[in-house]
Amino acid sequence: MLLRQRPGEKTAFQEIAPYDAAIDLQTDMVLVYGIDDTMEERIRSWTDEGYRVGLMTGTAWGEYQPYLTGQIDGKLHWDEAQTRANGTRLIHETDDVPYMVPTVSFSDFVAGRLKKAVDAGVEAFYMEEPEFWVEAGYSPAFQREWELFYNEAWMPPHQSPDAQYRASKLKAELYKQALERICSSLKSYAKHTYGRQIRFFVPTHSLINYCQWRIVSPESKLMDVSGIDGYIAQVWTGTSRVPNVYAGVRKERTFETAYLEYGVMQELVRGSDRRMWLLHDPIEDHPGRTWDDYRMNYKKTVVASLLHPHIDHYEVTPWPHRIYKGKYLSSDHNKKVPLPEDYGTTLLTVINALQHMPLGGTVSAPVGVQQEGPSQPRMGVLVADSCMYQRLDLTLDWDNIKEDERFASEMEHITWDAFFGLAMPLLKHGAPVRPVQLDNVRRIPHYLSPYDILLLSYEFMKPEYMDVHYALAQWVQAGGVLLYVGDGSDAYHGVREWWSEGQHSYANPAHHLFETIGVPLEAPPEGEALITNVGKGAFAYLHEHPAAFASSEAGADRLRETVLAALQSVHGADARWDRSHALIAHRGPYVAAAVLDEGVSAEPVRLEGPFVDLFDGRLAVRAHVVIQPGDQALLVDLNHAYAAMSERPVLVAAAGRVTELPAADSSGNEVACSMCRYSIRGPEGVRAMLRFAAAGAPGRVTVELDGKPYPHEWEWEAASSTFAVSFVHPAGGVRLTMEMAGA
């Protein structure tokens, strides 16, 4: 059996530059970006420093001008650029880098270029962002693909809901086929030429973000491509700060959106053998924000990711050169300054913690609020790839649209009220709700079994296959609670699909769902839910558009009350949902905590320690931590370190990669166990901070660079029985030696 995973790979970053000591983050892997003429040299520069190397490049766009201009096959390929109804191209930054229609010839061109990376020894490929814009679909190449796929004449996608749905479905299929072709070609080439097995991953935004930004991508369809080994969840401040509406208020909710984005990516692979990497970005693509803004939102995304316990692999940053060598606005907005020292240390501390982050752990509320067991139901909101198929505003004249009209449409649709109207009322009251990939019920056995209640609406998506209804019906019969929310108003109900064609057609795919589960198709009284017990479970129905529950606090309350009533119909009146305004995950010694604003309380949450604060550049020890609404914390519980203490100190946290070395004297002979030696590396110029727990203060601490003393500081803190060592990382790393008292 071929292995999809390499167990030793936990952290990685992507970088277009060759090795530089200033960006030596000491992760397990580096993803060298781009396939230009310097690719082999850049790969070699990182492998020479001991890194495992992957190759990342764009799928929908890149330095593909030789293909476009006919240098490859003598034919111009500009007709394969994604094109709007008005004839303009969708471009990535510059006019000569368009988003592409992924034809067979384009896929073969990309695969041919990537074979050079196989020749250079790369063992893993990361084809990022297979993206097709919703407003595209008018180029000659796409029209040809339409005719081949549907065996009918092309229709302008904005012509009708049916045309738009079919166009988007084809866009996703084309990128699935392209990635399957590229992946198969590379794996075959590596195996037959070098006898090597390579791995293939797809870095992609979340389904939620693509729906907000109105982009189509294969997402779960790639689970059907056997050669694809996994994904990178490209979630970061830039995606998660997109505004949404809760209780009638439209604003940025970075933590909550990030939580849902990482959640849908976890659910995309849960129960499969595919690997998911979760991305963090200490800044974002927007260069005009302050370091304070970047840092605040970085904390939100990191903690949001750690609340999903089935994932423990992380891309710790894209483009470290722009962080560690770039300049951004100071707090007063007056000038651009380099990375603040304290933030630089914090980033290294978090990266090192991610290196050791265990799987598992529970998401709970603060002490005193029961969050696990019967009183804390496991909730999910069902989503599907088809969410991306109906995101175009069909009321606009896309042949002659003006830029201000386009912008207004984006602002109206970007909030995606229908989805957030179901998810946000639950999350804001402390439910660790997750978006659940409906398409996966066909792929993964018992996929729905971890959930007690699922919310479903076909007003913003459609079931691509009828057999998902049979899986839902079986889950309900076995004890699940399904809450369907919809009023049948969506224009896309009438598209040409399995439910609307054939002898037994339905006006709405929900009608087939009702029939399959065995409940009558009758609308409940306005504002009320109809709840029917089915087998060991229940089916609940709210005859309302899901966007209604985003528009007011009263609407959010009504949804929450319906969820509780539906659960009680199965589990009895004692069933309850204990509300909280905090989510806390315990993963080994690590504690990730978030306190929600706009929730059940405006009071801060106090956690009793002692803890080491990983978001503090000094790695401060705190007897307790108070977290305000809207804030987050990442902590190490010192009680774990105390339990492991012996004669030797226990490393609790470090801003840098630390390797313990065998203790030896100058002749190489092992010495007493009270002598501790470590190798420590990190990016040149960034301050290292290490905190150890120990039974007593060390007798001596020395730091050496190339065998010579290196400037450093250390301090013993008797109250916490810890000590900290600090110095500035040099190129190549240092040796730290500690002689414990009594040596």
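To be clear, the structure that these remarks concern was listed above.
Residues numbered from 1 in each chain as written. Predicted model: local features only at pLDDT ≥ 70, side-chain atom pairs only at ≥ 80, totals over all residues. Heavy atoms only, no water.

Engineer: Before we move on, can you summarise the pairing of strand β6 (residues 124-128) with the specific residues and values?
Structural biologist: Counting buried residues in β6 gives 5 out of 5 residues, a clear majority hidden from the surface. Residue alternation in β6 divides its side chains into two sets, Ala124, Tyr126 and Glu128 and Phe125 and Met127, and both sets are buried. With 4 bridges connecting them, strand β3 (residues 52-58) and β6 associate as parallel partners. Bridge pairing in β6 places Met56 opposite Tyr126. Bridge analysis of β6 against strand β8 (residues 199-204) gives 3 bridges, and the strand direction is parallel. Residue pairing in the sheet places Ala124 in a bridge with Arg199 of β8. (Buried < 20%, exposed > 50% of the residue type's maximum accessible area, 1.4 Å probe, protein only. Helix = DSSP H or I, 4+ residues; strand = E, 2+ residues; numbered from the N terminus. Pairing = 2+ DSSP bridges.)

Engineer: If you had to explain the pairing of strand β32 (residues 687-693) to someone new, which residues and values would you point to?
Structural biologist: Summarising burial for β32: 6 of the 7 residues are buried, a large majority. Pairing of strand β29 (residues 650-654) with β32 involves 4 bridges; the strand directions are antiparallel. When the sheet's bridge partners are listed, Ala654 is paired in β32 with Leu690. The pairing of β32 with strand β36 (residues 722-728) spans 7 bridges and is antiparallel. Bridge assignment links Leu690 to a residue of β36, and that residue is Val725.

Engineer: Any chance you could break down the sheet that holds strand β18 (residues 379-383) for me, citing the residues and the numbers?
Structural biologist: One open sheet accounts for 6 strands, arranged β19-β18-β20-β21-β23-β22; its pairing is mixed. Because the sheet does not close on itself, it has two edges, and the strands there are β19 (434-437) and β22 (529-534). Averaged over neighbouring strand pairs, the angle between their axes works out to 25° when direction is ignored. Relative to strand β23 (residues 537-542), strand β21 (residues 481-485) is paired through 5 bridges, and the arrangement is parallel. Its bridge partner lying in β23, Leu482 is registered against Phe539. (Axes fitted to C-alpha atoms, helices over the stretch in contact; angles between N-to-C directions.)

Engineer: Break down a negative patch on the surface for me, citing the residues and quoting the values.
Structural biologist: Together, Asp397, Asp399, Asp404 and Glu405 line one region of the surface with negative charge. As for its position among the elements, Asp399 is in the loop between β18 and α12 (403-413). On the basis of relative accessibility, which here comes to 38%, the residue Asp399 falls in the partly exposed class. (Patch = residues over 30% accessible without salt bridge, like charges linked within 9 Å, V, L, I, M, F, W, Y side chains within 5 Å. Areas by Shrake-Rupley, 256 points an atom, 1.4 Å probe, with all protein chains shown as cover. Salt bridge = Lys/Arg side-chain N within 4 Å of Asp/Glu carboxyl O. Lys, Arg positive; Asp, Glu negative; His and termini not counted. Charge placed at Lys NZ, Arg CZ, Asp CG, Glu CD.)

Engineer: A description of the pattern of salt bridges should follow, citing residues and the corresponding values.
Structural biologist: Evaluated as defined, the whole model comprises 49 salt bridges. Close ionic contact of Glu267 with Arg270 constitutes a salt bridge, the shortest N to O distance being 2.8 Å. Here Asp616 ties to Arg618 by a salt bridge, and the two come within 3.2 Å at their closest N and O atoms.

Engineer: Can you break down the sheet that holds β3 residue by residue, with the values?
Structural biologist: The strand order β1-β2-β3-β6-β8-β10-β13-β14 describes a closed barrel built from 8 strands, whose pairing is parallel. The mean angle between the axes of side-by-side strands here comes to 25°, regardless of whether they run parallel or antiparallel. As paired elements, strand β13 (residues 275-279) and strand β14 (residues 314-318) share 2 bridges and run parallel to each other. Residue pairing across strands places Leu278 opposite Tyr314, the latter belonging to β14. Sheet strands in contact with helix α3 (residues 104-119) are β3 and β6, and its direction is about 145° off that of β6. Across the face of the sheet, helix α8 (residues 254-269) comes into contact with β8, β10 (230-233) and β13 while running at roughly 170° to β13. (Contact = heavy atoms within 4.5 Å.)

Engineer: Now, about the environment of Ile584: what can you tell me, with residues and values included?
Structural biologist: Inspection of the secondary structure assignment puts Ile584 in strand β24 (residues 582-587). By relative accessible area, which is 3% here, Ile584 ends up buried.

Engineer: Talk me through α8; I want residue IDs and the actual numbers.
Structural biologist: End to end, α8 covers 23 Å across 16 residues, agreeing with the expected 22 Å (1.5 Å per residue, within 8%). Of all 16 residues making up α8, 16 are buried, and the element is well covered by its neighbours. Among the residues trailing α8, Gly271 stands out with phi positive, at a value near 85°. (Expected span 1.5 Å × (residues − 1).)

Engineer: Outline the side chain of His92, supporting the account with residue identities and numerical values.
Structural biologist: Position of His92 relative to the elements: it lies in strand β4 (residues 91-92). Beyond its immediate sequence surroundings of up to four residues, His92 is in contact with Trp61, Val97 and Tyr99.

Engineer: Residues and numbers for the packing of aromatic side chains, please.
Structural biologist: Evaluated as defined, the whole model comprises 40 aromatic pairs. The interplanar angle of 80° and the centroid separation of 5.9 Å between the aromatic rings of Tyr484 and Phe514 together place this pair among those described as edge-to-face. You can see Tyr484 sitting in strand β21 and its partner Phe514 sitting in helix α15 (residues 509-517), a full 30 residues away along the chain. Taken together, a centroid distance of 4.9 Å and an interplanar angle of 80° make the contact between Phe514 and Tyr541 edge-to-face. Taken together, the residues Phe514 in helix α15 and Tyr541 in strand β23 connect sequence positions 27 residues apart. On the basis of relative accessible area, Phe514 is assigned to the buried category, the value being 2%. (Phe/Tyr/Trp six-rings, centres within 6.5 Å; stacked < 30°, edge-to-face > 60°.)

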